[in-house]
Amino acid sequence: MADKVKDALAVFRVMEQYGCVADVVALNSLFSAICRDGKTADARYFLNTVRSRIRLDADTYAILLEGWEKEQHAVNARETFDEMVFQTGWDPNNFSAYDSFLNALLNGSGGLKEAMKFSVILKGKKCYPGIRFFKAALKECAMIGDVKAGKLLWDYMSVQNSCKPDVELYYSIIYLYTFGQDADRAGITLDEMVFKGVFPDSESYNILFQFLIKIRNFREAQQKFTEMVKNKFVPTHAVVVWL
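Rules used in this analysis
Residues numbered from 1 in each chain as written. Predicted model: local features only at pLDDT ≥ 70, side-chain atom pairs only at ≥ 80, totals over all residues. Heavy atoms only, no water. Helix = DSSP H or I, 4+ residues; strand = E, 2+ residues; numbered from the N terminus. Rg over C-alpha atoms; globule rule 2.2 N^0.38 Å. Buried < 20%, exposed > 50% of the residue type's maximum accessible area, 1.4 Å probe, protein only. Contact = heavy atoms within 4.5 Å. Areas by Shrake-Rupley, 256 points an atom, 1.4 Å probe, with all protein chains shown as cover. Lys, Arg positive; Asp, Glu negative; His and termini not counted. Charge placed at Lys NZ, Arg CZ, Asp CG, Glu CD. Polar contact = N/O pair within 3.5 Å; in protein donor to acceptor, adjacent residues only side chain to side chain. Axes fitted to C-alpha atoms, helices over the stretch in contact; angles between N-to-C directions. Parallel < 35°, antiparallel > 145°, perpendicular 65-115°, else oblique. Left-handed = near helix turned anticlockwise from the far one by under 90°. Nonpolar A, V, L, I, M, F, W, Y, C, P; charged D, E, K, R; others polar. Phe/Tyr/Trp six-rings, centres within 6.5 Å; stacked < 30°, edge-to-face > 60°.

Section: the overall build of the protein chain
So, step 1. In terms of helices and strands, the protein chain carries 14 helices and zero strands.
So, step 2. Starting at the N terminus and walking to the C terminus, you meet the elements of the protein chain as α-α-α-α-α-α-α-α-α-α-α-α-α-α.
So, step 3. For 243 residues, the compact-globule formula gives about 18 Å, and the C-alpha radius of gyration of the protein chain, at 23 Å, lies well above that figure.
So, step 4. Looking at the 243 residues of the protein chain, the share that counts as buried comes to 43%.
So, step 5. Considering only contacts in the protein chain between residues 6 or more positions apart, those separated by 24 or more positions represent 62%.
So, step 6. Here the protein chain displays about 13,300 Å² of accessible surface, and carbon together with sulfur accounts for 54% of that area.
So, step 7. Of note, the protein chain has its 30 positive side-chain charges centred 3 Å away from the centre of its 30 negative side-chain charges.

Quick word on the side chain of N206
So, step 1. Structurally, N206 can be placed in helix α12 (residues 202–214).
So, step 2. Taking the relative accessible area as the measure of exposure, N206 reaches 5% and is therefore buried.
So, step 3. At 2.8 Å, the side chain of N206 and the backbone oxygen of S202 are in polar contact.

Topic: unusual backbone geometry
So, step 1. In the Ramachandran plot, Q72 falls in the positive-phi region, its phi being about 55° despite a non-glycine side chain.
So, step 2. The residue Q72 is located in the loop between α4 (58–71) and α5 (74–88) in this model.
So, step 3. Q72 sits in the exposed class, given a relative accessible area of 53%.
So, step 4. In this model, K232 sits at a positive phi of 65°, which is unusual for a non-glycine residue.
So, step 5. Residue placement: K232 occurs in the loop between α13 (218–230) and α14 (237–242).

A closer look at the packing of helix α3 (residues 40–50) against α4
When two helices pack together, their arrangement is given by the angle between the helix axes and by the axis-to-axis distance.
So, step 1. Orientation of α3 relative to α4, taken along the N-to-C sense of each, is 150°, at an axis distance of 9 Å. Between α3 and α4, the interaxial angle falls into the category roughly antiparallel. In this structure, α3 crosses over α4, and the sense of that crossing is left-handed. Contacts from T40, A41, A43, R44 and L47 in α3 reach T60, L64, G67, W68 and E71 in α4.
So, step 2. For the contact of α3 with α4, the residue count by class is five nonpolar, three polar and two charged.

Observations concerning the side chain of S100
So, step 1. The topology assignment puts S100 in helix α6 (residues 95–106).
So, step 2. A relative accessible area of 3% places S100 in the buried class.
So, step 3. Among all residues touching S100, those that are not within four sequence positions of it are L65, E66, E69 and R132.

As for the packing of aromatic side chains
So, step 1. Scanning the entire structure with this criterion turns up 13 aromatic pairs.
So, step 2. A ring pair is formed by F101 and F118, whose centres lie 5.2 Å apart and whose planes are at 85°; its orientation type is edge-to-face. Of this pair, F101 sits in helix α6 while F118 sits in helix α7 (residues 111–124), and the two are 17 residues apart along the sequence. Take F101 and F118: they sit in the same class, and that class is buried.
So, step 3. Seen from their ring centres, F133 and F134 are 5.7 Å apart, and the 55° between their planes marks the pair as tilted.

Just distances and angles here, no functional claims.
Okay, structure coming up:
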């Protein structure tokens, strides 16, 4: 593959000699193929050799950031992100770049803390990532029990019209509410799902039902049990153990 990348880059250097346009569209197509095969470093190095004659755009950096995310290079993603902001500014429409950048940070040594820090910066610029980041970050919050970060992410996502929570996202935030002993918010969020066109699944019902039993809120538990049965769900074995 290394030889193929070198050959592709060599062809790009001379393509104008054969009547082909070597513009940013062609460059982005080339970078997309290279980064998809795990050679983002080669694309990044080549970028330095052509930036004087090709004006890079937001898509160029989005492609590189996606490559760094796949290769789990948080440091390189940070460098590319800084350059993107310097060269192209803050673009609310470039959500795929922000999505890849935050996911790369989430998988890096800084983890959730680093990703949250930059998500606050992005929010201040009215720039938002895509749904992939919110799913990964909320799942991480649920795994480590970080209720505060989970609530911040949920509020962050709620102001972005293009991000519509699905069952997986609702499950994560309901779990976090129960982890934080907030029965009211957990119940309200479960009810909210239906109004948003997202119907609770067995896991969503069971996590809340188990929590209500645990805190001995039997009245609410009875209501949820009735609702579960009506929707053809039953308590799992783990929940039955609590009874």
